Amino acid sequence: MRSTSLLLALVAASALAGCMETQGQRALAGGAAGAIIADAADQNMVAGAALGALAGGATCNVGVGGPCY
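Residues numbered from 1 in each chain as written. Predicted model: local features only at pLDDT ≥ 70, side-chain atom pairs only at ≥ 80, totals over all residues. Heavy atoms only, no water.

Draft legend 1. Looking closely at the overall build of the chain. Helices and strands together make up the secondary structure of the chain, namely three helices and zero strands. Moving toward the C terminus, one meets the helices and strands of the chain in the order α-α-α. When each of the 69 residues of the chain is scored for burial, the buried share is 22%. A separation of at least 24 residues holds for 61% of the contacts in the chain among residues at least 6 apart in sequence. Accessible area of the chain: about 4500 Å², with a carbon and sulfur share of 70%. (Helix = DSSP H or I, 4+ residues; strand = E, 2+ residues; numbered from the N terminus. Buried < 20%, exposed > 50% of the residue type's maximum accessible area, 1.4 Å probe, protein only. Contact = heavy atoms within 4.5 Å. Areas by Shrake-Rupley, 256 points an atom, 1.4 Å probe, with all protein chains shown as cover.)

Draft legend 2. Expanded view of the environment of asparagine 44. The topology assignment puts asparagine 44 in the loop between α2 (23–40) and α3 (45–58). Between the C-alpha atoms of asparagine 44 and glycine 34, which are ten residues apart in sequence, the distance is 9.9 Å.

Draft legend 3. Inspection of α3 at higher detail. Relative to the 20 Å expected for 14 residues at 1.5 Å per residue, α3 spans 20 Å between its end C-alpha atoms, a close match to the ideal helical length. Those residues of α3 that fall on the buried side of the exposure criterion are Gly48, Gly52, Gly56 and Gly57. Buried residues of α3, viewed axially, fall in a sector of 155 degrees; they line one side. Of the exposed residues in α3, those oriented more than 90 degrees away from the buried face are Val46, Leu51 and Leu54. On the buried face of α3, the contacting elements are α2. (Expected span 1.5 Å × (residues − 1). Arc of directions from axis to C-beta.)

Spelled out as structure tokens, the structure:
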């Protein structure tokens, strides 16, 4: 059951990753996805949200998805 919700969270995060246009939008989406994944894995949601926000905000400079404006 836990692996199913984790897989669904990863698929949803991947689907939304290409829609974000600014660094702030990507950081918010990353934070939300990190919190959901951490909750599904029975880990600290605050730490997951922080790591997800950092990862989402950093994607503007590495060419993942579209360019940030």
